[in-house]
Amino acid sequence: MEVYSNENEQVDAVRRFFAQNGKALVVGVILGVGALAGWRYWSSHQDGSNKEISAAYQQVSSALDVSKPATLDAAAKFASENNNTYGALASLDVAKRYVDGGQLDKAAEQLKSGLGNTKDANLQAVMNLRLARIQLQQKKPDEVLKTLDTIKGEGWAAIVADVRGEALLSKGDAKGARDAWSKGIDSDASPALKEMLQMKMNNLPA
C-alpha cells in the first residue's frame, strides 16, 4: 500500500463535507498544500510584515526538489524558524517530498515537528492523517492508532475510520477493521468513500 494510495478519494470527501459548511476555501488550501495556492490564500489575509514570510514560504516551497537535498534542507529550516501556519505548511511540503524519496522516517519527524507550528484544527488533522499514513507504511500500527486518536470532528470520521481499519487489519484484527470501516460507512461520508470502505469490508475474510 502506498502512503497516499487512497488520498484522492479522501480529499474529495473532505472537500465536499466542508463545502456544505462554507469552508471549502480553507480546506482547499490545507489539503492542497500547494506552495502557490497556499501562498496566495494566506498572503491575502496577512498584513505587510507577514507577506514577507509568505513570500519566503513560496520561494522555498516552489524550489523543493527531492533530487536536490539542499532544497529540502532549506524548506525544513524555514519550517523550524517559523512557528506559524507557514511553518506548518512548509513541513507538509517537505514531508511529502521525503515520502516521494522513500525517506519515511524523515517525513514522519518533519510532520511531528510541524504540528507545533499551528493551532488550526483542520491543518493539524491533515498533518496527523499524513503522519498516520506514513506510520502505516512503516508498519507501526500502534503508533497509527495513537495518532488517529488526536483527530477530532465528525468531518474526519470516515477518513480516520479508513486508516484505523488498515492499521487494525495489519495487526491481524479483522473484526476491528470491519467495525472501523462500518463506522466510516455510517458517518457523513461521500458515496465514493463509502463505496471504497464497503469494498474493503467485502474483501475481509468471513
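Scroll up for the structure.
Residues numbered from 1 in each chain as written. Predicted model: local features only at pLDDT ≥ 70, side-chain atom pairs only at ≥ 80, totals over all residues. Heavy atoms only, no water.

Observations concerning the overall build of the protein
Piece 1. Summing up its helical and strand segments, the protein has 12 helices and zero strands in all.
Piece 2. Along the protein, from the amino end to the carboxyl end, the secondary structure elements read α-α-α-α-α-α-α-α-α-α-α-α.
Piece 3. Evaluated residue by residue, the protein yields a buried proportion of 50% over its 206 residues.
Piece 4. A separation of at least 24 residues holds for 55% of the contacts in the protein among residues at least 6 apart in sequence.
Piece 5. Only carbon and sulfur atoms are counted for the fraction: they give 50% of the accessible area of the protein, which is about 10100 Å². (Helix = DSSP H or I, 4+ residues; strand = E, 2+ residues; numbered from the N terminus. Buried < 20%, exposed > 50% of the residue type's maximum accessible area, 1.4 Å probe, protein only. Contact = heavy atoms within 4.5 Å. Areas by Shrake-Rupley, 256 points an atom, 1.4 Å probe, with all protein chains shown as cover.)

A look at the packing of aromatic side chains
Piece 1. On inspection of all chains with the given rule, the structure shows two aromatic pairs.
Piece 2. Between Y57 and F78, the ring centres sit 6.3 Å apart and the planes meet at 35 degrees, which makes this aromatic pair tilted. You can see Y57 sitting in helix α4 (residues 48-62) and its partner F78 sitting in helix α5 (residues 69-81), a full 21 residues away along the chain.
Piece 3. Residue class for Y57 comes out buried when judged on its relative accessible area of 0%.
Piece 4. Overall, F78 belongs to the buried group, its relative accessible area being 9%.
Piece 5. Centroid distance Y57 to Y86: 6.1 Å. Interplanar angle 50 degrees. Geometry classified as tilted. Of this pair, Y57 sits in helix α4 while Y86 sits in helix α6 (residues 85-100), placing them 29 residues apart in sequence. Residues Y57 and Y86 agree in their burial class; the two are buried.
Piece 6. Following the ring pairs from residue to residue traces out a cluster consisting of Y57, F78 and Y86. (Phe/Tyr/Trp six-rings, centres within 6.5 Å; stacked < 30°, edge-to-face > 60°.)

Quick look at the nonpolar core
Piece 1. Counting 51 residues, the largest nonpolar core has L129, L148 and W156 as its most contacted members.
Piece 2. If near-sequence neighbours (up to four positions away) are discounted, L129 is found in contact with L148, I151, W156, I159, V160 and V163. (Core = buried A, V, L, I, M, F, W, Y, C linked by side-chain atoms within 4.5 Å.)

Section: the pattern of salt bridges
Piece 1. This structure, assessed with the given rule, holds nine salt bridges.
Piece 2. Here E81 ties to K77 by a salt bridge, and the two come within 2.6 Å at their closest N and O atoms. Placement of the pair is E81 and K77 together in helix α5, with a separation of four residues, close to one helical turn.
Piece 3. According to the relative accessible area criterion, K77 is partly exposed, its value standing at 48%.
Piece 4. The partner of D142 in a salt bridge is K171, and the shortest N-O contact between them spans 2.7 Å. (Salt bridge = Lys/Arg side-chain N within 4 Å of Asp/Glu carboxyl O.)

Structural notes on unusual backbone geometry
Piece 1. Look at K139: it is not a glycine, yet its phi comes out positive at around 60 degrees.
Piece 2. For K139, a relative accessible area of 72% translates into the label exposed.

Focus on helix α9 (residues 141-148)
In an α-helix, one full turn covers 3.6 residues, which means residues spaced three or four apart are oriented alike.
Piece 1. Buried within α9 we find P141, V144, L145, T147 and L148. Along the long axis of α9, the arc covered by the buried residues comes to 160 degrees, so they all point the same way. Away from its buried face by more than 90 degrees, α9 exposes D142 and K146.
Piece 2. Contact partners of the buried residues in α9: α8 (121-137) and α10 (157-170). (Arc of directions from axis to C-beta.)

Some points on the environment of A174
Piece 1. Its location among the elements puts A174 in helix α11 (residues 174-186).
Piece 2. Classification of A174 by relative accessible area gives partly exposed; the value is 23%.
Piece 3. A C-alpha to C-alpha distance of 7.6 Å links A174 and P205, two positions 31 residues apart in sequence.
Piece 4. If sequence neighbours within four positions are ignored, A174 has contacts with L169, L204 and P205.

Considerations on the environment of D93
Piece 1. Looking at where D93 falls in the secondary structure, it is placed in helix α6.
Piece 2. Taking the C-alpha atoms as reference points, D93 and L111, 18 residues apart in sequence, are found 9.5 Å from one another.
Piece 3. At a separation of 2.9 Å, a polar atom in the side chain of D93 contacts the side chain of Y57. (Polar contact = N/O pair within 3.5 Å; in protein donor to acceptor, adjacent residues only side chain to side chain.)

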